[in-house]
Structures are given as structure tokens and as C-alpha cells.
Amino acid sequence: MMDTVRVGFASLPHGDGLPLPQRQTEGSAGYDLVAALPSEDSIELQPGARALIPCGFAMALPPGYEGQVRPRSGLAVKHGITVLNAPGTIDADYRGEVKVPLINLGAEPFTVRRGDRIAQLVVAPVSVMEIVVEEALDETERGSSGFGSTGIG
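Residues numbered from 1 in each chain as written. Predicted model: local features only at pLDDT ≥ 70, side-chain atom pairs only at ≥ 80, totals over all residues. Heavy atoms only, no water.

Let's talk about empty space enclosed by the protein
- Using the criterion set out here, one finds one cavity of 30 Å³ or more in the structure.
- Empty space within the largest cavity amounts to approximately 40 Å³.
- Considering the residues around the largest cavity, the lining is formed by Ser11, Gly15, Leu18, Pro19, Leu20, Val34, Cys55, Gly56 and Phe57.
- At three residues, strand β4 (residues 50–60) tops the list of elements feeding residues into the lining of the largest cavity.
- Partitioned by chemical class, the residues of the lining of the largest cavity number six nonpolar, three polar and no charged. (1 Å grid on protein atoms, 1.4 Å probe; cavity = no way out; pocket = protein on both sides within 12 Å on 5 of 7 lines; lining within 4 Å. Points joined across faces, edges and corners; volume = space filled by probe spheres on them. Helix = DSSP H or I, 4+ residues; strand = E, 2+ residues; numbered from the N terminus. Nonpolar A, V, L, I, M, F, W, Y, C, P; charged D, E, K, R; others polar.)

Below you can see the structure in the form of C-alpha cells.
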């Protein structure tokens with residue numbers, strides 16, 4: 001069973017006519033974000049290039065939640081297009097326009113047009129840490145081994 005979180009949205013003028021984030025299936029965790037570029041404009045991402053793509057809305061997450069901006073798997077696999085800082089975080093106190101930093105890691109140029117589904121948004125609860133300074137940390141079998149120390153696959 002999924003929890004429902006109430007999130008306020010405000011469409012911006014350049015987002016008129018575009019859908020607010022929506023799921024494509026009932027079981028989807030992510031809500032698709034679309035490019036709110038002017039209809040006469042497009043952005044061609046050359047291999048290795050990046051661009052900040054506007055989504056045409058602002059939102060108000062409730063305290064204790066974050067928005068995670070994640071890549072769309074189809075764009076990543078088929079074209080090498082991904083979210084530059086994946087997952088990007090939208091904080092609960094941010095009220096500016098949602099924008100997506102895309103990068104082209106593929107071998108061919110990729111064009112982003114108005115209304116293209118470019119990323120997905122997942123809303124998740126946030127834990128607040130209590131920082132505790134310790135003289136020593138507890139021992140584990142792994143210890144300080146990292147970066148591939150547990151093997152491949």
C-alpha cells in the first residue's frame with residue numbers, strides 16, 4: 001500500500017498547457033517531469049554537453065519530505081541521457097521552479113523539445129541525523145574496506 005503525501009503545485013507561465021508531474025502506471029514510483037521549453041525552441045545536447053531544463057512549475061513539499069529527481073531509464077539506455085547529479089534533491093523549503101540538469105553521455109546528439117518527458121520525480125521521507133561524536137566506532141567484518149572490496153557481481 002502506498003502512502004499519500006499532499007504536495008502543492010503552481011504552474012508557471014511557460015508551463016501553460018503542459019502536464020504537471022504524473023505517473024504512467026498505477027505501480028510507478030516516479031512522476032514524469034516534462035521540458036517546459038518555448039514551443040519554438042529546442043536544446044540539442046551534443047555528446048558530453050549538459051543543460052538545465054525548466055519544468056514550468058514550482059512545488060511545496062511538506063516538512064519531512066524531499067523530491068528526488070531521477071533519470072528516465074529509457075532515455076539513459078537508448079540515448080545516454082541522464083540527470084547530472086542523480087538523484088537530485090528538492091528540499092521541502094524550496095519554492096523556485098523545478099529544473100533538471102541533463103547530460104548527454106551518449107555518442108550522438110540528442111534534442112530536447114517542449115513536452116518531452118526528461119526525468120522523474122519521487123517524493124520520499126527524510127530522516128534527520130543526530131550527530132554523535134564517538135571516541136571509536138564499532139568494529140564490523142568489512143571494516144574500512146570499500147570501493148569494490150566485496151567483489152564484482
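Back to the write-up after that little detour.
Section: the UniProt feature "binding site: substrate" (unreviewed entry) in the protein chain
- UniProt records the feature "binding site: substrate" (unreviewed entry) for Arg72, Ser73, Gly74, Asn85, Thr89, Ile90 and Asp91 in the present numbering. Maximum C-alpha separation among the annotated residues is 26.3 Å over a sequence range of 20 residues, too wide for a single clustered spot.
- Mapped onto the fold, Ser73 is located in helix α1 (residues 73–79).
- Given the relative accessible area of 57%, Ser73 is considered exposed. (UniProt positions renumbered as here; feature names shortened; annotations may be inferred. Buried < 20%, exposed > 50% of the residue type's maximum accessible area, 1.4 Å probe, protein only.)

Notes on the sheet that holds strand β2 (residues 31–34)
- Taken in spatial order, the four strands make up an open sheet running β2-β10-β5-β7, and their pairing is antiparallel. A strand with exactly one partner marks an edge of an open sheet, and here the two such strands are β2 and β7 (88–90). The average undirected angle you get between the axes of adjacent strands in this sheet is 35 degrees.
- Pairing analysis gives four bridges linking β2 to strand β10 (residues 117–125), with the strands arranged antiparallel. (Pairing = 2+ DSSP bridges. Axes fitted to C-alpha atoms, helices over the stretch in contact; angles between N-to-C directions.)

Some remarks on a nonpolar patch on the surface
- A cluster of nonpolar side chains, Met129, Ile131 and Val133, forms an exposed patch at the surface whose accessible area comes to about 420 Å².
- With respect to the secondary-structure elements, Val133 resides in the segment after β10.
- Among the residues examined, Val133 registers a relative accessible area of 77% and is labelled exposed. (Patch = residues over 30% accessible without salt bridge, like charges linked within 9 Å, V, L, I, M, F, W, Y side chains within 5 Å. Areas by Shrake-Rupley, 256 points an atom, 1.4 Å probe, with all protein chains shown as cover. Salt bridge = Lys/Arg side-chain N within 4 Å of Asp/Glu carboxyl O.)

Observations regarding the pattern of salt bridges
- Tallied over the full model, the rule gives two salt bridges.
- Note that Asp32 is salt-bridged to Arg72, the shortest N-O span being 3.6 Å. Placement of the pair is Asp32 in strand β2 and Arg72 in the loop between β5 (65–70) and α1, with a sequence separation of 40 residues. Arg72 shares its class with Asp32; the two are buried.
- One salt bridge in this structure joins Arg117 and Asp32, with 2.9 Å as the shortest N-O distance. With a gap of 85 residues between them, Arg117 in strand β10 and Asp32 in strand β2 connect regions that are remote in the sequence.
- Relative accessible area serves as the criterion here: at 8%, Asp32 is assigned to the buried category.
- Overlapping salt bridges, with partners in common, bring together Asp32, Arg72 and Arg117 in one network.

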